[in-house]
Amino acid sequence: MAEHIAAGSPAADTPSPADGYVGDPAVRAEWDNRYADRQQLWSGSPNGALVAEVAGLTPGRVLDVGCGEGADAVWLARGGWDVTALEVSGVALERAAGHARDAGLTVRWVHAALTEAALPPASFDLVSAQYPALLRTPDAAAEQALLSAVAPGGVLLLVHHAGMDTEHAHDSGFDPADYVWPSMVTALLNDDWEVEVDEQRPRVAPDGGAGAHHTDDVVLRARRLR
């Protein structure tokens, strides 16, 4: 599970350690430390559910929430999408920007928490959040931020590890009750939305990388009608 969520100037192509990160500095430090502990945290391949669900979509503007080391962002950009990628970890963003440069692709890198990012509302044809660690708040700020970013006619794609929401708090300090799960987003959908996919399915997992042991996904794909 990864909270890779991100501010700074949406036009910035290369993140910088002094880029004006907006968000909880403790969250940034936690994720910077996780990335710094390993030369590569994730597999380097795009997430399988993203590849499957985007196959029938016309490329447009996409927001990649929690871009990590950039595998999804690079894959989307290579497929013709205009990509804005958000991430809380500056360490991860620097790696992601390097992968995009190596591929000769342009991505807008945004370094902040999702709920703090200065994003234009209702402007993305696709909002993709793959296994995000979005913290729950009483006002459902993260859930609302996901929904408000989607343009009319656009799609929200939220994918998470199945069963994690019902686990007990771990000795490591991870408590599922602290985080946003797809069912919480579904509960906020009104007549302005059409649920196209809401199911549990076997995970198509890239080889290697953290989280490879999870075997099933919960996939929510909802289209904003107006």
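Note that the structure is predicted; figures quoted are calculated from it, not measured.

Caption draft 1: Inspection of helix α4 (residues 90–102) at higher detail. Given a rise of 1.5 Å per residue, 13 residues ought to cover 18 Å, and the 18 Å separating the end C-alpha atoms of α4 matches this to within 8%. Tucked inside the fold, the buried residues of α4 contact α1 (25–36), α3 (71–78), β2 (82–87) and β3 (108–111). Of the residues flanking the start of α4, the one acting as N-cap is S89, its side-chain oxygen 3.3 Å from the backbone nitrogen of V91. Downstream of α4 by one or two residues, G104 has phi in the positive range, about 70°.

Caption draft 2: Structural detail: unusual backbone geometry. Although it is not a glycine, A122 adopts a positive phi angle of roughly 50°. One non-glycine residue, A140, lies in the positive phi region at around 55°. Here A140 is to be found in the loop between β4 (124–130) and α5 (141–148). The exposure class assigned to A140 is buried, which follows from its relative accessible area of 13%.

Caption draft 3: Summary view of the side chain of S123. When you line up the elements, S123 lands in the loop between β3 and β4. For S123, a relative accessible area of 15% puts it in the buried group. Sequence-distant contacts of S123, that is, excluding residues within four places in its chain, are made with R61, A149, V150 and A151.

Caption draft 4: Fine view of the pattern of salt bridges. Taken as a whole and judged by the stated rule, the model has ten salt bridges. When the shortest N-O distance is used, the salt bridge between E199 and R201 registers 2.9 Å. The class for E199 is partly exposed, based on a relative accessible area of 36%. Take R201: its relative accessible area is 17%, and that puts it in the buried class. When salt bridges with common partners are traced through the structure, they connect E53, E196, E199, R201, R221 and R223 into a single cluster.

Caption draft 5: Region of interest: the pairing of β4. Where burial is concerned, most of β4 is hidden: six out of the seven residues are buried. One ladder, built from four bridges, connects strand β1 (residues 61–65) with β4; its direction is parallel. Residue pairing in the sheet places L63 in a bridge with V127 of β4. Pairing geometry for β4 and strand β5 (residues 150–161), over six bridges, is parallel. Looking across to β5, one finds that A129 is bridged to L158. Handedness of the β4-α5-β5 crossover: right-handed.

Caption draft 6: Representation of the packing of α1 against α4 within the structure. Here α1 crosses α4 at 55°, and the two axes come no closer than 7 Å. Relative to α4, the element α1 is oriented oblique. Taking contact as the criterion, the partners of R28, D32, Y35 and A36 in α1 are, on α4, G90, V91, A92 and R95. Among the residues forming the contact of α1 with α4, the class breakdown is four nonpolar, one polar and three charged.

Caption draft 7: A look at the sheet that holds strand β7 (residues 216–224). The seven strands are arranged β3-β2-β1-β4-β5-β7-β6 in an open sheet whose pairing can be described as mixed. In the strand order of this sheet, the two ends are held by β3 and β6 (193–202), each with one partner. Strand-to-strand twist in this sheet, taken as the mean axis angle between neighbours without regard to direction, amounts to 15°. Against the sheet, α3 makes contact with β1, β2, β3 and β4, and its axis sits at roughly 175° relative to β2, the strand it touches most. Each of β2 and β3 is contacted by α4, which is oriented at about 175° to β3, the strand it contacts most.

Calculation criteria
Residues numbered from 1 in each chain as written. Predicted model: local features only at pLDDT ≥ 70, side-chain atom pairs only at ≥ 80, totals over all residues. Heavy atoms only, no water. Helix = DSSP H or I, 4+ residues; strand = E, 2+ residues; numbered from the N terminus. Expected span 1.5 Å × (residues − 1). Contact = heavy atoms within 4.5 Å. Polar contact = N/O pair within 3.5 Å; in protein donor to acceptor, adjacent residues only side chain to side chain. Buried < 20%, exposed > 50% of the residue type's maximum accessible area, 1.4 Å probe, protein only. Salt bridge = Lys/Arg side-chain N within 4 Å of Asp/Glu carboxyl O. Pairing = 2+ DSSP bridges. Right-handed = clockwise from strand over helix to strand, strands pointing away. Axes fitted to C-alpha atoms, helices over the stretch in contact; angles between N-to-C directions. Parallel < 35°, antiparallel > 145°, perpendicular 65-115°, else oblique. Nonpolar A, V, L, I, M, F, W, Y, C, P; charged D, E, K, R; others polar.

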